[in-house]
Amino acid sequence: MTSTNSTGSKQFDALGLKKIINGRSWVTILGGSRMPEEVQDAMTDAANTFIDFHELNKRAGTLIAEYTGAEAGLVVAGASAGLLVQAAACMAGSDPDRILQLPDTNGMKDEILIFENHRFGFEICYRTAGATLKEWGKDEGTLAEQLEVAIDEKTAAVTYVFGPWMDCALTLREVVAIAHAKDVPVIVDAAAMLPPADNLTKYVAEGADLVTFSGGKGLRGPQSTGILAGRADLVEAARLNMSPHASVGRGSKVAKEEIAAVLVALKRFVSMDHEAEWATWRGWSETITASGRSFDGLRPVIEDGDPNRQGPTAVFYFDERWDGPSSKEIQANLAAGNPSIHVGVGNYGDELYVSPVALESGEAETVAEALRAAFS
Ligand SMILES: *Cc1c(COP(=O)(O)O)cnc(C)c1O
C-alpha cells in the first residue's frame, strides 16, 4: 500500500519526489510510459546474465522484422538514437573507415532533405551523426517538382516525419517514389505513431527504407528503447554504427535487459485488445469532460481519432464569455498541486486538454475533481 502522497515508487519517495498524474500522454519529461508487469518481469529476468550481444541484437532484429514486415530490424536507444543511426547508415553505410570517420562526413553524401513543415527539435539527432539538413517545400512549383530538384549528388536521404501538426501534402508513398527514382533512401520518424498497431507495418509497406518508433511511448517498453525497421543493408549499417561498436552511435547504448523488455512489450502490443483499451480511455475522457459542463464560456468535447491528439482526448475550449483564469494559469496551478496534475494547453488555440493514455484507473476522477475546482 502507498499513501496518497506517495509517487507509487519507494525509490522515488526516498528521493523526495512528488506524485504526478500525467494527463499529457507519453512525454519523456514526465517519465515516458508505464511498463506493464510482463515487461518489467522480462527486464528483471534478463538483467543478471551474460549473452553474446551481437547475437542478441540479430535475434531481436529478426523478431522486429516479423512484427513490422520489414527485411530487418534493430533495437535502438529510443527513437532519437533511431534517427541518429538512420543518418549514419545512409552516410557511412557498412564501410569500417567511414564508420570511424563520422561525424566528419568528408567524402560522403551528407545532406538529409526535410520538408519545411517537418522541421523539428529532434533533427539534432541527424546532425549529431554529421548530417546537414536541407529544407525543401518553400520554392516555386509543385511539391513533387521541388523535391525532385532538391535531390542532388550530396543527398544521403530524404526524411519524412510523422507527428502532430506536421502534415505534408505529399504522402509518404509519393515521396518514396520520387526519392527511389533517384536511388535515394527515405527515412521515417514515426516515434509516437503507436497505437494504432497497423502503423507497425504501414510505413514499411509504403516503401520507407528505415522507420523508427519509440519503445517507451505507446509500446510501453523501457523509455530508453526504440525500434528500427527497414531494408536489410541499411539496418545492418545502422547496427554497425551503434553500440557496442566504436562508432558515432556508441553513446546510444541499449542494455540487454532493455532489449529483452522491449521485445516483450512489442509482443504484448501486437496481441492486445486495442479497442477495449481505447474504450477505457474514452470513458476516462468522459469523466473528465463532465467536469467542464455548465460553465459560461467553456466548451468541453472529446476529440477522438484526431491525428494531432494522443487517444480520445478531453478538450476544453474557452470563448469570449469565459471570465475565469486562463488555460495557462489553470495548467500551472494544477501542476503546483499535490498530487501534481499535468495537463496540456493551447495547440489549436487557447484550449486545455487532458490525454487519457498515461492515466491509470481512478486518476480520471481526481483530474475531474481538480478541474471542476479550477473552473469554479
Ligand atoms: C518522442 C519523439 C522522438 C524521440 O523519441 P524517443 O524514443 O524519446 O527518443 C522523436 N521524434 C518524434 C516525432 C517524437 O514524438
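Residue numbers restart at each chain and count upward from 1, following the sequence in its written direction. Only residues with pLDDT of at least 70 are given local features in this predicted model, and only at 80 or more are side-chain atom pairs given and counted; all residues enter the totals for whole chains, interfaces and linings. Excluding hydrogens and water, the side-chain values take into account all heavy atoms of the structure.

Here's the deal with the overall build of the protein chain
(1) Moving on: Under the scheme used here, helices are H or I runs from DSSP no shorter than 4 residues and strands are E runs no shorter than 2 residues, and both carry numbers assigned from the N terminus. The secondary structure content of the protein chain amounts to 14 helices and 13 strands.
(2) Moving on: Here the C-alpha radius of gyration of the protein chain, 22 Å, is about what a compact globule of 376 residues would show, namely 21 Å.
(3) Moving on: Projected onto its principal axes, the C-alpha coordinates of the protein chain cover approximately 65 × 60 × 35 Å.
(4) Moving on: Of all 376 residues assigned to the protein chain, the portion counted as buried reaches 51%.
(5) Moving on: In what follows, a contact means two residues having at least one pair of non-hydrogen atoms within 4.5 Å. Sequence-distant contacts in the protein chain: of pairs separated by 6 or more residues, those separated by 24 or more amount to 67%.
(6) Moving on: All accessible-area figures derive from a Shrake-Rupley calculation using a 1.4 Å probe, and residue coverage is judged against the displayed protein chains alone. Taken as a whole, the protein chain presents about 17,300 Å² of accessible surface, with 50% of it coming from carbon and sulfur. Radius of gyration here uses only the C-alpha atoms, and the compact-globule reference equals 2.2 Å multiplied by the residue count raised to the power 0.38. Each residue is placed in one exposure class: buried if its accessible area under a 1.4 Å probe, protein chains only, is under 20% of its type's maximum, exposed if it is over 50%, and partly exposed if it falls in between.

Details of the side chain of S214
(1) Moving on: With respect to the helices and strands, the residue S214 is situated in strand β7 (residues 210-214).
(2) Moving on: On the basis of relative accessible area, S214 is assigned to the buried category, the value being 9%.

Details of the domain arrangement of the protein chain
(1) Moving on: The split of the chain into domains comes from an automatic or database domain assignment. Structurally, the protein chain comprises domain 1 (10-31 + 273-375) and domain 2 (37-271).
(2) Moving on: A straight line from the C-alpha centre of domain 1 to that of domain 2 covers 31 Å.
(3) Moving on: Taken residue by residue, the interface counts 11 residues in domain 1 and 13 residues in domain 2.
(4) Moving on: For the pair domain 1 and domain 2, the summed buried area comes to about 1,000 Å², and 55% of that belongs to carbon and sulfur atoms.
(5) Moving on: Computed with a 1.4 Å rolling probe, the buried area is the accessible surface lost when two parts are put together, summed over both parts. When the buried area of domain 1 at its contact with domain 2 is split by residue, W26, H274 and N308 rank highest and sum to 55% of it.
(6) Moving on: What counts as a salt bridge is simple: a side-chain nitrogen of Lys or Arg found within 4 Å of a carboxyl oxygen of Asp or Glu. In this assembly, domain 1 and domain 2 are joined by zero salt bridges.
(7) Moving on: Polar contact is defined as a pair of N or O atoms within 3.5 Å, subject to the rule that within protein one atom must be able to donate a hydrogen and the other to accept it, and that residues adjacent in sequence are counted only when both atoms are side-chain atoms. Our count for the domain 1 to domain 2 interface comes out at three residue pairs in polar contact (both at pLDDT 80 or more).
(8) Moving on: Charged means Asp, Glu, Lys or Arg here, nonpolar means Ala, Val, Leu, Ile, Met, Phe, Trp, Tyr, Cys or Pro, and polar covers whatever is left, Gly included. Along the lines of polarity and charge, the residues of the side of domain 1 that touches domain 2 split into three nonpolar, six polar and two charged.

Notes on a nonpolar patch on the surface
(1) Moving on: Think of a patch as exposed residues, more than 30% relative accessible area, with no salt bridge, where like charges cluster within 9 Å and nonpolar side chains (Val, Leu, Ile, Met, Phe, Trp, Tyr) cluster within 5 Å. A cluster of nonpolar side chains, namely F12, L15 and L17, defines an oily patch on the protein surface of about 330 Å² accessible area.
(2) Moving on: On the secondary structure map, L15 appears in the loop between α1 (10-14) and β1 (20-22).
(3) Moving on: In this structure L15 comes out as exposed when scored by relative accessible area, which is 65%.

Notes on the site of the ligand
(1) Moving on: Any residue with at least one heavy atom within 4 Å of a molecule or strand is counted as near it. Taken together, T28, G78, A79, S80, F120, F122, F162, D189, A191, A192, S214 and K217 make up the full set of residues adjacent to the ligand.
(2) Moving on: The side chain of S80 places a nitrogen or oxygen atom 2.6 Å from an oxygen atom of the ligand.
(3) Moving on: Note that an oxygen atom of the ligand is positioned 2.8 Å from one of the side-chain N or O atoms of K217.
(4) Moving on: If the ligand stood free it would expose 380 Å²; the protein chains cover 86% of that surface.
(5) Moving on: Here the ligand occupies the largest pocket.
(6) Moving on: Here the shell around the ligand gets three residues from one element, more than from any other, and that element is helix α4 (residues 78-92). Only protein atoms enter the 1 Å grid, on which a cavity is a set of points fitting a 1.4 Å probe that cannot get out and a pocket is an open set with protein on both sides within 12 Å along at least 5 of 7 lines, lining residues being those with an atom within 4 Å of a point. Whether a molecule lies in a cavity or pocket depends on its atoms, and more than half of them have to be within 2 Å of the grid points.

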